[in-house]
Amino acid sequence: MATALANGRVLLDDGLHDGVAVLVEGRDIVAVVRDDDPRVRAAELHDLRGGTLLPGFIDAQVNGGGGVLFNNAPTVDAIATIARAHRRFGTTGLLPTLISDDLDVMREAIAAVREAIARGVPGVLGIHLEGPYLAPARKGTHDAGKFRVPDAAEIELATSLDNGATLLTLAPEQVPVDAVHAFARRGAIVAAGHTAASYEQARAGLDAGVRGFTHLYNAMTPLQGREPGVVGAALEDRDSWCGIIVDGVHVHAASLRVALAAKPRGKLFLVTDAMPPVGADSPDYVLYGETITARDGVVRNAEGALAGSALDMATAVRNAVSMLGLPLEEAARMASLYPAQFLGIDGALGRIAPGYRADLVLLDDALQVATTWIAGEPL
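Every value quoted in this text rests on a predicted model; they were computed, and no experiment measured them. Along each chain, residues carry numbers from 1 onward, in the same order as the chain's sequence is written. In keeping with the model being predicted, local features are shown solely for residues with a pLDDT of at least 70 and side-chain atom pairs are shown and tallied solely at 80 or more, while totals for entire chains, interfaces and linings include all residues. Only hydrogens and water are removed before side-chain values are computed, so all heavy atoms of the structure are retained for them.

Caption draft 1: Structural detail: the overall build of the protein chain. Counting its regular elements, the protein chain contains 11 helices and 23 strands. Only protein chains enter the accessibility calculation, which uses a 1.4 Å probe; a residue is then buried when its area is under 20% of its type maximum, exposed when over 50%, and partly exposed in between. Looking at the 379 residues of the protein chain, the share that counts as buried comes to 59%. What makes two residues a contact is simply this: any of their non-hydrogen atoms within 4.5 Å. A separation threshold of at least 6 residues defines the contact pool for the protein chain, and within that pool the share at least 24 residues apart is 68%. Asp and Glu are treated as the negative residues and Lys and Arg as the positive ones, with His and the ends of the chain left uncounted. A single reference atom marks each charge: NZ on Lys, CZ on Arg, CG on Asp, CD on Glu. Side chains of the protein chain give 32 positive and 46 negative charges; the mean places of these two sets differ by 2 Å. Every helix listed is a DSSP run of H or I at least four residues long, and every strand listed is a run of E at least two residues long, numbered separately from the N terminus.

Structure follows, in structure tokens:
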């Protein structure tokens, strides 16, 4: 029997609509109809109570949540805990993110994601390997002792996930061009990040297969008058995507508005870069043996470097509205459709339309999460 999600505003391709219902059967959306359609009366009603129904949020950069850091526990159970914690905040799809680590940890993490997807752990879409092919000068909170140049065997390992997306962040000036080509040729989505590249080196990376930029402005060479840097290359390029952290800490709102003005619509998407405090009672976690505490929503290590964030995706959407002045529908697309396009999964996720998987989030009037659905299952 179909379920009719009705009595709310629904984000469709052309904006928010009243007076429509979304029909869900099993895992999928089967129709979007007027709320007086006979199929609505024949279905089981789920009353949206005037809330706003959006495509489920997709987060391509989730280091941890629910008190768990993926690096410290590269297991299926840890992935399930992280995904469950973020689901409370509207994230129905995510990439568990492994920051720079040893080869054995990378191998365990890829195997755990493969098994999590095979078991149907809700919300797991693939893996994000953020490093270890990064620049020491822009390491942020990464351990530069883990950095290395990949050989052929490591390229094969890093691209070995066969049932989900692989996003790989690297510094293009630290990795030979043929290795960047190899990562892209083997199906990885390559992004530039934690990079000290010049503008010319960033452009060479784009030519070699880089498709995006990880947490734009952070841990990369800035835009200056005589040296455009990585930021300049990212803003100039019309085809690449940029993830942005909209928490009021990582990047000034004015800089983000500049990026919105420079990039074509749809090429900026929201990420959280979330750490274990999201969805957890404790603000503390351990990274590379150091205990780090989130204070007033800000996460820094002992050196003062930002160590991820305590941001959740629902808050990122609210911030995009309040800090950047975006309409809710565009902020929602930045958390759903645009990351789906970046990851190449926009044929199944990121829209409310027939044939799409019923990954959905319902917000109340305060833009707080009321309900989520993953593959048609509500929580």
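Continuing now.
Caption draft 2: Highlighting the side chain of Thr159. Among the secondary structure elements, Thr159 is positioned in the loop between helix H4 (152-158) and strand S13 (165-170). Aside from chain neighbours lying at most four places away, what touches Thr159 is Phe183, Arg186 and Ala188.

Caption draft 3: Molecular detail of the packing of aromatic side chains. Ring geometry is summarised as follows: Phe, Tyr and Trp rings, the Trp one being its six-membered ring, pair when their centres sit within 6.5 Å, and such pairs are stacked at plane angles under 30 degrees, edge-to-face over 60 and tilted between the two. Taken as a whole, this structure holds three aromatic pairs when the rule is applied. Pairwise contacts between aromatic rings join Trp241, Phe269 and Phe342 into one cluster. In this arrangement the basic side chain of Lys267 is found over the ring face of Trp241, its NZ or CZ atom lying 3.4 Å from the centre. Definition used: whenever NZ (Lys) or CZ (Arg) falls within 6 Å of the ring centre and also within 35 degrees of the ring normal, the charge is taken to sit over that ring.

Caption draft 4: Representation of the nonpolar core within the structure. Take the buried residues of types Ala, Val, Leu, Ile, Met, Phe, Trp, Tyr and Cys, join any two whose side-chain atoms come within 4.5 Å, and each joined set is a nonpolar core. Counting 100 residues, the largest nonpolar core has Phe183, Leu216 and Leu270 as its most contacted members. With eight residues, helix H3 (residues 103-119) is the single largest residue contributor to this core. Among all residues touching Leu216, those that are not within four sequence positions of it are Ala234, Leu235, Cys242, Gly243, Ile244, Val251, Ala259 and Leu268. Residues Val20, Val24, Ile29 and Ala353 belong to the second largest nonpolar core, which totals 16 residues.

Caption draft 5: View of the sheet that holds strand S1 (residues 3-6). A pair of strands is considered paired only if DSSP assigns at least 2 bridges between the two. In space, the four strands of this open sheet follow the order S5-S4-S1-S6, with mixed pairing throughout. Single-partner strands in this sheet number two, and they are strand S5 (28-34) and strand S6 (44-47). Pairwise comparison of adjacent strand axes, ignoring direction, gives a mean angle of 25 degrees for this sheet. To get an axis, a line is fitted to the C-alpha atoms, and for a helix only the part in contact is used. The angle between two axes follows their N-to-C directions and goes from 0 to 180 degrees.

Caption draft 6: Summary view of unusual backbone geometry. Cis peptide bonds are those with omega within 30 degrees of zero, and the linkage from Gly131 to Pro132 qualifies with 15 degrees. Here Pro132 shows up in the loop between strand S12 (126-130) and H4. Phi at His215 takes a positive value of approximately 35 degrees, unusual for a residue other than glycine. The phi dihedral of Tyr288 is positive, around 50 degrees, even though this residue is not glycine.

Caption draft 7: Up close: the pairing of strand S14 (residues 189-192). Judged by which residues are buried, S14 turns out to be covered on both faces: Ile189 and Ala191 on one side and Val190 and Ala192 on the other are all buried. Summarising the sheet, S13 and S14 pair through four bridges and their orientation is parallel. Bridging from a neighbouring strand, Leu168 pairs with Val190 of S14. Throughout, right-handed denotes a crossover for which the path from the first strand over the helix to the second runs clockwise when the strands point away from the viewer. Tracing the backbone out of S13, into helix H5 (residues 177-185) and back to the parallel element S14 gives a crossover that is right-handed. A crossover connection joins S14 to the parallel strand S15 (residues 210-213) through helix H6 (residues 199-208); in handedness this β-α-β unit is right-handed.

Caption draft 8: A look at helix H2 (residues 76-87). The span one expects for a helix is its residue count, reduced by one, times 1.5 Å. A rise of 1.5 Å per residue sets the reference length of H2, with its 12 residues, at 16 Å; its end C-alpha atoms lie 16 Å apart and thus fit the reference within 8%. Among the 12 residues in H2, nine count as buried, and that is most of the element. Within H2 the residues assigned to the buried category are Val76, Ala78, Ile79, Ala80, Ile82, Ala83, Ala85, His86 and Arg87.

Caption draft 9: Molecular detail of the pattern of salt bridges. Salt bridge, as used here, is a side-chain nitrogen of Lys or Arg placed within 4 Å of a carboxyl oxygen of Asp or Glu. Under the counting rule described, the total for this entry stands at 15 salt bridges. In this structure, the salt-bridge partner of Arg39 is Asp37, at a minimum N-O distance of 3.0 Å. Taken together, the shared-partner salt bridges connect Asp101, Asp102 and Lys146 into one network.

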